[in-house]
Structure formats: structure tokens, C-alpha cells
Amino acid sequence: MNLLSVKNLNKSYVTKKLMGKNEERKVLSNVQFELGENKILGIVGESGCGKSTLAKVLTRLEDFQSGEITLCGQNLREIPQKNLTHLVQMVFQDPYQSLNPRKMAWEIIADPIMVVEKTPRPQAKIQALAMMAKVGLLPELSERYPHQFSGGQRQRIGIARALMLKPKILILDEPVSALDVSIQAQVLNLLLDLQKEFGLSMIFISHDLSVVKHISDETLVLYFGEVVEHGPSENVFKNPQHAYTKTLLESAP
Ligand SMILES: Nc1ncnc2c1ncn2[C@@H]1O[C@H](COP(=O)(O)OP(=O)(O)OP(=O)(O)O)[C@@H](O)[C@H]1O
Ligand SMILES: [Mg+2]
């Protein structure tokens, strides 16, 4: 069974203009795809094509106008918030902005279980330390604050936090774009290890084709909010069908 199924998804942003006029801007058009268990789907496309909007719709941070999204056989709109947090979690691009600067590393990581599952602090700390080990962070760093970590370490904190509720799907929005190239490879390999260990499915968003090629089973190319290419990554990279994908591949280093 597919974990996630997206059918004919349409999303516009409506902004209020002066004198009560609304301006509608279509961002996603008839987007359609499925995600199976233990699979990594890469989503690529240039800035502004709607990648983050899609991530926000899938995590219900944004609503959509039409289409159907099914998660584990349930209509996304009808899933209670608590259950949703156990199904899908998101890792954001900027590990500097997405971590609370006034909380220690272990508190940031433990936050989801303290809030959603009401796990008492001492137990939550034990679980957070165990998760730190899994993402390659030494437990002795647990009482440090975000500014005392490197970018790569911060992204490991973000990943650890996203895994605390044992989600089935991890959505990663440009998770390595802010990192040095050498660090990017380490984080990608970590994600592949975690995917196996936790039996996760992932949606991996990036504007960088080489990153997506390395990590994803399937690749989907978004172009001005439309899916112009989708298939096993090997096929997409070896034998692109759409002119835009060809341009992307040619311009990649
Ligand atoms: N909250 C919003 N209100 C109105 N328009 C928005 C909003 N968020 C995004 N947009 C617009 O929707 C379009 C898609 O934005 P989105 O952030 O999804 O693109 P993206 O593919 O993630 O780009 P990037 O690679 O730069 O992150 C853009 O034109 C953007 O300006
Ligand atoms: Mg984005």
C-alpha cells in the first residue's frame, strides 16, 4: 500500500490587495504522485516552483484548494493533529533559524515527545540522548545551545527532533543546502542509514540534482508548479523526457 497518495493537487495563494481586491497566484497545478514504504522520493525544481509549498501542504501547515491527499489510507484533512505528528515530520533548510536558541540540544530534541506524548522531562532526556547517539552527536553535547554547534551538527539536531515521534514519513526541505559540500555528504549518508534503521520513507526536496540523484529512489521534477517528469531516478537522470529536465541536467556541474 502507498503511504502517501497525492491526486490532482491544486494550490493557490490568495493575497489581499488594496481596496479589498484579492490576488490569486497558482503555485501547484494538478500535482500527482505516490510514495511507498521505505522509499525516498526526490523533488527538484528551481526557486519558486512550489517545492516548499508542497511540503507545507503535506504537513498541513498550508491548506489547498482542490485535490485529494491520502496518508496511510486516511484523508489528510481528517487526520487528528496528534496522529498527524506521528505520521509526518519535517526537517527545514535552515538549521540556524529552525532551532530555538534558548533551549539546550536535548530539550530541542525531546520537545516533540514532551509536548505531544507528555513524556516527563527525565525520561524525555534519556530518549533524547539515545537519539543523539543515533544521529552521530556525542551525548556530552546535550546541554549545549544551538549557537555552540556547527551547521552540520545543527542539522543533525533537527533530524533527531523529527525522528522522536517515530514518523513514517520525513519531509526534508533542502536539508543540506545551507551546508558545506563535504558536510552535505555526511548528512546524506546519515539520512540513508536512518532510513534503513527506522524503515522511513522520505520526501527529499532540493534544487541540487546531484544530491537528489545520490539519495532518491524516484525523482519528480516540478516546473512552475507542475510535475513535468517523474520516475525511477535512474531513468530520469539517464533519459530525461522533458526539455526542462534536460536543461537542469546540462547546467548541473
Ligand atoms: N505565504 C505565501 N503567500 C503568498 N505567496 C507565497 C507564499 N509562500 C510562497 N509564495 C509564492 O509561491 C511560489 C512558490 O514558493 P515556494 O516557497 O513553494 O517555492 P520553492 O520551490 O520552495 O522555492 P525555493 O527553491 O526558493 O525555496 C513563489 O512564487 C512564492 O513567492
Ligand atoms: Mg523552498
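Remember, it's a predicted structure, so these values are computed and weren't measured experimentally.

Peer 1: Would you mind showing me how to read the overall build of the chain here?
Peer 2: Broken down by element type, the chain carries nine helices and 10 strands. Taken against the 2.2 N^0.38 rule, which gives 18 Å for 253 residues, the C-alpha radius of gyration of the chain at 19 Å falls within 12% of a compact globule. When the backbone C-alpha atoms are referred to their principal axes, the chain occupies close to 50 × 45 × 40 Å. A total of 253 residues make up the chain; the buried ones form 39% of that total.

Peer 1: Teacher, can you tell me more about the packing of helix α3 (residues 105–116) against helix α5 (residues 151–163) here?
Peer 2: Two quantities define a packed helix pair, namely the angle between the helix axes and the distance between the axes. Relative to each other, α3 and α5 sit at 30°, their axes nearing to 7 Å. Classified by the angle between their axes, α3 and α5 sit roughly parallel to one another. The two elements α3 and α5 cross, and the hand of that crossing is right-handed. Of the residues in α5, those in contact with Ala105, Ile108, Ile109, Asp111 and Pro112 of α3 are Ile157, Ala160 and Arg161. Along the lines of polarity and charge, the residues of the contact of α3 with α5 split into six nonpolar, no polar and two charged.

Peer 1: Before we go on, may I ask you to explain unusual backbone geometry in this structure?
Peer 2: For residues that are not glycine, phi is negative in most cases, and the peptide bond is trans in most cases. Despite not being glycine, arginine 60 has its phi angle at roughly 65°, a positive value. Residue class for arginine 60 comes out partly exposed when judged on the 17 C-beta atoms lying within 10 Å of it. The backbone of cysteine 72 sits at a positive phi, close to 50°, despite the residue not being glycine. Looking at where cysteine 72 falls in the secondary structure, it is placed in the loop between β4 (66–71) and β5 (74–75). For cysteine 72, a count of 16 C-beta atoms within 10 Å translates into the label partly exposed.

Peer 1: Sorry, what's going on with the nonpolar core here?
Peer 2: Side chains of a nonpolar character, in soluble globular proteins, are inclined to be buried together. By size, the foremost hydrophobic cluster in this structure holds 65 residues, and its most contacted members are Ile109, Ile171, Ile203 and Phe204. Residues in contact with isoleucine 109, not counting those within four places in the same chain, are Ala128, Met131, Met132, Ile157, Ala160, Arg161 and Met164.

Peer 1: Could you clarify how one ought to interpret the site of ligand 1 in this entry?
Peer 2: Close to ligand 1 lie 13 residues, the nearest being Tyr13, Ser47, Lys51, Ser52 and Thr53. Of the residues belonging to the shell around ligand 1, the class tally is three nonpolar, eight polar and two charged.

Peer 1: In this structure, what is going on with the pairing of β4? I would like to understand it.
Peer 2: Side chains on a regular strand alternate between the two faces of the sheet. Pairing of strand β1 (residues 4–16) with β4, which is carried by five bridges, proceeds in the antiparallel orientation. Its bridge partner lying in β4, lysine 7 is registered against glutamate 68. Here β4 hands over to β5 after two residues, with cysteine 72 in that stretch at a positive phi of 50°.

Peer 1: For this particular structure, what's the right way to read the sheet that holds strand β10 (residues 226–232)?
Peer 2: Strand pairing in a sheet is mediated by backbone hydrogen bonds. Such pairs are either parallel or antiparallel. The mixed open sheet is built from six strands, whose spatial order is β6-β7-β8-β3-β9-β10. The two strands at the open ends of the sheet, each matched to only one other strand, are β6 (88–91) and β10. Between one strand axis and the next, the sheet turns through 15° on average, direction left out of account. Pairing of strand β7 (residues 169–173) with strand β8 (residues 201–206) involves five bridges; the strand directions are parallel. When the sheet's bridge partners are listed, isoleucine 169 is paired in β8 with serine 201. Lying on the sheet, helix α1 (residues 51–58) is in contact with β3 (40–44), β6, β7, β8 and β9 (218–223); it crosses β7 at an angle near 150°.

Peer 1: Looking at this model, I keep getting lost on the sheet that holds strand β2 (residues 22–35). Mind explaining?
Peer 2: Taken together, four strands build an open sheet; the order of strands is β2-β1-β4-β5 and the sheet is antiparallel. Unpaired on one side and paired on the other, β2 and β5 mark the two borders of the sheet. Across two bridges, β4 lies against β5 in antiparallel orientation. By the bridge assignment, leucine 71 is partnered in β5 with glutamine 74. Against the sheet, α1 engages β1, β2 and β4, with an angle of about 70° to β2.

Calculation criteria
- Residues numbered from 1 in each chain as written.
- Chains lettered and ligands numbered in written order.
- Predicted model: local features only at pLDDT ≥ 70, side-chain atom pairs only at ≥ 80, totals over all residues.
- Helix = DSSP H or I, 4+ residues; strand = E, 2+ residues; numbered from the N terminus.
- Rg over C-alpha atoms; globule rule 2.2 N^0.38 Å.
- Buried ≥ 20, exposed ≤ 12 C-beta atoms within 10 Å, placed from the backbone.
- Axes fitted to C-alpha atoms, helices over the stretch in contact; angles between N-to-C directions.
- Parallel < 35°, antiparallel > 145°, perpendicular 65-115°, else oblique.
- Left-handed = near helix turned anticlockwise from the far one by under 90°.
- Contact = placed C-beta atoms within 7 Å.
- Nonpolar A, V, L, I, M, F, W, Y, C, P; charged D, E, K, R; others polar.
- Core = buried A, V, L, I, M, F, W, Y, C linked by C-beta atoms within 7 Å.
- Near = placed C-beta within 6 Å.
- Pairing = 2+ DSSP bridges.

Everything listed here is a matter of geometry and, on its own, says nothing about what the molecule does.
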